[in-house]
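So the chains spell out like this:
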Amino acid sequence: MNTQDQTDAHSSTTSAVALGVTGSIGAYKAADLTSRLTQSGVDVHVVMTENATKLVQPQTFLTLSRNPVTTDLWHIPEWNPEHIALAERTDMLMVAPATANFLGKLAAGIADDALSTLALSHEGPVMVAPAMNPAMWAHPAVQENVETLQRRGVQFVGPAEGITACGTKGIGRMEEPDHILKAIRTQLAGLRLRQAQQKHPFQRIVVTAGPTREFLDPVRFLSNRSSGKMGYAVAAVAAAAGHEVTLISGPVSLPPPAGVECRDVQSASEMRSALKEELGQADILVMTAAVSDYTPTHTSDTKVHRENKHQLNIEFEPTPDILAEAAASKRDNQFIVGFAAETEPTQQRAREKLQQKNADMLVVNDVNQPDAGFEGDNNEGTVYLKDGSTKHIQNCDKTRFAEQLLAMISPQSL
Ligand code: CTP
């Protein structure tokens, strides 16, 4: 029987975040971050240090978050001390901006104000977006604190390179709110996925992403429009949910996702070799890569010059179908997901492709649809399963799309 489920892009996405703001001029960007978080449906609870309140008024955060702002450890509105209540009420803590002083306190376990006390009592993920003068960031004392915190699982977003408020160029600027927002949303997606998969065993996931390049000569290649964003989102959310993730990526301009082992490849043939090495240990393979179907029969070692303006004919040969090969050698408990970007998607074509490739799941998206698929931040698609059922993932950002897709790979399907 054919069943079609609609997966709501916005259902059960409400999550709560404690946002710590410390005394760096980057605090003004935290106001923007609060606004964006609230707009994306996150319940934000701001905790400010005393120094932060000298740069931005608590009223600003109160208005943007629509929640009370905590500035004082000794203000106790309920029986439960505020830092404990906030730790219980929120899924994670992000400190943005995080000064050198705050990193030092957290590394040393000092809890002398509302934020540092919350940071020690929070049992969820703790993330920091440092902001300071480049000389301070480079100082061995700060770098040692960073190492200590990273070893304990604190996740760093930035700092970025650029001109800091003091006019110095170097590494120390707080990451842009967009970037921090993405890191928070990935973490929240991972937490929700972990909750949904509570009885799920720990898994090794291999993801392929991006385009491949098939070189004609050292300066020219055949490729496609894939940006890699879908595969990077799948890898990032899976890692945030606690899985061990390897990402095999064609050339893209995206930063490596946190907690993911990355392998860079260029051609279909390199992707195939890398996957052969990784597949044996994998429980799940998600092939989001837009692998080139053809490669030039001959690649010139030197640049091909324009000679006498003759018509140029290039001969191509097919590349191996990497997904079909992986499925042909798959173990009993391995699960393989394919992606198909189509310009004229039909149910019949999707079912034939799923069967031809012997994948367990095929995600089909219409690349002609505006605001979905190639290059964009959003996606929408229909998931075809082996039992003949389908599920539709409504238009949403690729982080949320990845979360919904991974949630469909239940223990029963393995
Ligand atoms: N794929 C692959 N190796 C190839 C081509 C595609 O592993 N040489 C994988 C892709 O990573 C994707 C799935 O197969 O997960 C479907 O890709 P798609 O391009 O839609 O399939 P093709 O078999 O190339 O069919 P088409 O003729 O529609 O391009």
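Residues numbered from 1 in each chain as written. Predicted model: local features only at pLDDT ≥ 70, side-chain atom pairs only at ≥ 80, totals over all residues. Heavy atoms only, no water.

Caption draft 1: How the structure looks around the overall build of the chain. Tallying secondary structure elements over the chain gives 14 helices and 20 strands in all. For the C-alpha atoms alone, the extent of the chain along its principal axes is close to 75 × 60 × 40 Å. Pairs at least 24 apart in sequence give 68% of the contacts found in the chain among residues at least 6 apart. Of the roughly 20,200 Å² that the chain leaves accessible, carbon and sulfur atoms contribute 48%. (Helix = DSSP H or I, 4+ residues; strand = E, 2+ residues; numbered from the N terminus. Contact = heavy atoms within 4.5 Å. Areas by Shrake-Rupley, 256 points an atom, 1.4 Å probe, with all protein chains shown as cover.)

Caption draft 2: The sheet that holds strand E2 (residues 16–21), seen in detail. Pairing is parallel in the open sheet, where five strands are placed in the order E3-E2-E4-E5-E6. Of all strands in the sheet, those bounded by a partner on one side alone are strand E3 (43–48) and strand E6 (155–156). As defined by bridge partners, strand E4 (residues 92–98) adjoins strand E5 (residues 126–130) across four bridges and the pair is classed as parallel. Paired with valine 95 across the strands is valine 128, a residue of E5. Running at roughly 170° to E2, helix H1 (residues 27–39) makes contact with E2, E3 and E4 of the sheet. Together, E2 and E3 form the strand contacts of helix H3 (residues 58–65), whose direction differs from that of E3 by roughly 170°. (Pairing = 2+ DSSP bridges. Axes fitted to C-alpha atoms, helices over the stretch in contact; angles between N-to-C directions.)

Caption draft 3: View of the pairing of strand E10 (residues 214–217). As paired elements, E10 and strand E11 (residues 220–222) share three bridges and run antiparallel to each other. What sits directly across from phenylalanine 215, in E11, is phenylalanine 221. A loop of two residues connects E10 with E11, the two strands running antiparallel in sequence.

Caption draft 4: Representation of the pattern of salt bridges within the structure. As enumerated under the stated definition, the model contains 21 salt bridges in all. Across the salt bridge formed by glutamate 325 and arginine 272, the nearest N and O atoms sit 2.7 Å from each other. Here arginine 272 lies in helix H11 (residues 268–279) and glutamate 325 lies in helix H12 (residues 322–328), a separation of 53 residues in the sequence. Look at glutamate 325 and you get partly exposed, because its relative accessible area is 29%. (Salt bridge = Lys/Arg side-chain N within 4 Å of Asp/Glu carboxyl O. Buried < 20%, exposed > 50% of the residue type's maximum accessible area, 1.4 Å probe, protein only.)

Caption draft 5: View of the pairing of strand E7 (residues 160–163). For E7 and strand E8 (residues 169–173), the ladder comprises four bridges, and the chain directions are antiparallel. Opposite isoleucine 163, over in E8, you have lysine 169 as the bridge partner.

Caption draft 6: Molecular detail of the site of the ligand. Surrounding the ligand, one finds 16 residues, the nearest of these being Met287, Ala289, Leu323, Lys353 and Lys357. Backbone polar atom of isoleucine 322 to a nitrogen atom of the ligand: 3.1 Å apart, as the coordinates give it. Here lysine 357 contributes a side-chain N or O atom positioned 2.7 Å from an oxygen atom of the ligand. Taking 570 Å² as the accessible area of the ligand by itself, protein coverage stands at 78%. Among the detected pockets, the ligand sits in the second largest pocket. Elements represented by at least two residues in the shell around the ligand include exactly H12, strand E17 (335–342) and helix H13 (347–357). For the shell around the ligand, the residue count by class is eight nonpolar, three polar and five charged. (Near = heavy atom within 4 Å. Polar contact = N/O pair within 3.5 Å; in protein donor to acceptor, adjacent residues only side chain to side chain. 1 Å grid on protein atoms, 1.4 Å probe; cavity = no way out; pocket = protein on both sides within 12 Å on 5 of 7 lines; lining within 4 Å. Sits in = over half its atoms within 2 Å of the grid points. Nonpolar A, V, L, I, M, F, W, Y, C, P; charged D, E, K, R; others polar.)

Caption draft 7: Representation of the packing of H1 against helix H9 (residues 177–196) within the structure. At a closest axis distance of 9 Å, the pairing of H1 and H9 adopts a crossing angle of 45°. With respect to each other, H1 and H9 are oriented oblique. Between H1 and H9 lies a crossing of right-handed hand. Across from Lys29, Asp32, Leu33, Arg36 and Leu37 in H1, the residues of H9 making contact are Pro177, Asp178, Ile180, Leu181 and Ile184. A breakdown of the residues in the contact of H1 with H9 according to their chemical character gives six nonpolar, no polar and four charged. (Parallel < 35°, antiparallel > 145°, perpendicular 65-115°, else oblique. Left-handed = near helix turned anticlockwise from the far one by under 90°.)

Caption draft 8: Representation of a nonpolar patch on the surface. Nonpolar side chains collect at one region of the surface, where Leu222, Tyr294, Leu312, Ile314 and Phe316 lie side by side and expose about 470 Å² of accessible area between them. Relative to the assigned elements, phenylalanine 316 resides in strand E16 (residues 316–318). (Patch = residues over 30% accessible without salt bridge, like charges linked within 9 Å, V, L, I, M, F, W, Y side chains within 5 Å.)

Caption draft 9: Summary view of the domain arrangement of the chain. With domains assigned, the chain is organised as domain 1 (6–185) and domain 2 (199–413). Placing a centre on the C-alpha atoms of domain 1 and another on those of domain 2 gives a separation of 35 Å. (Domains from an automatic or database assignment.)

Caption draft 10: Fine view of H1. With 13 residues, H1 ought to run about 18 Å at 1.5 Å a step, and its terminal C-alpha atoms sit 19 Å apart, in line with that. Taken residue by residue, H1 has Ala27, Lys29, Ala30, Ala31, Leu33, Thr34, Ser35, Leu37 and Thr38 as its buried positions. On its buried face, H1 is in contact with E2, E3, H3, E4, E8 and H9. Glycine 41 sits one or two residues past H1 and shows a positive phi near 95°. (Expected span 1.5 Å × (residues − 1).)

Caption draft 11: Quick look at the confidence of the model for the chain. Considering every residue of the chain, the mean pLDDT works out to 91; 92% of them sit at 70 or more. Segment residues 8–12: pLDDT under 50, and 11 contacts once partners within four positions in sequence are set aside and those in other chains are kept. (pLDDT = per-residue confidence, 0-100.)

Caption draft 12: Up close: the layout of surface pockets. Of the pockets and cavities examined, the largest pocket occupies roughly 1,300 Å³. As for the largest pocket, its lining consists of 45 residues, of which His179, Lys182, Ala183, Thr186 and Thr399 are closest to the centre. Breaking the lining of the largest pocket down by element, the ones donating at least two residues are E6, H9, helix H10 (229–240), strand E20 (390–397) and helix H14 (398–407). With 11 residues, the top contributor of residues to the lining of the largest pocket is H9. Of the residues that constitute the lining of the largest pocket, the class distribution is 20 nonpolar, 14 polar and 11 charged. A domain-level breakdown of the lining of the largest pocket finds at least three residues from each of domain 1 (6–185) and domain 2 (199–413). Here the second largest pocket defines a volume of roughly 920 Å³. (Points joined across faces, edges and corners; volume = space filled by probe spheres on them.)

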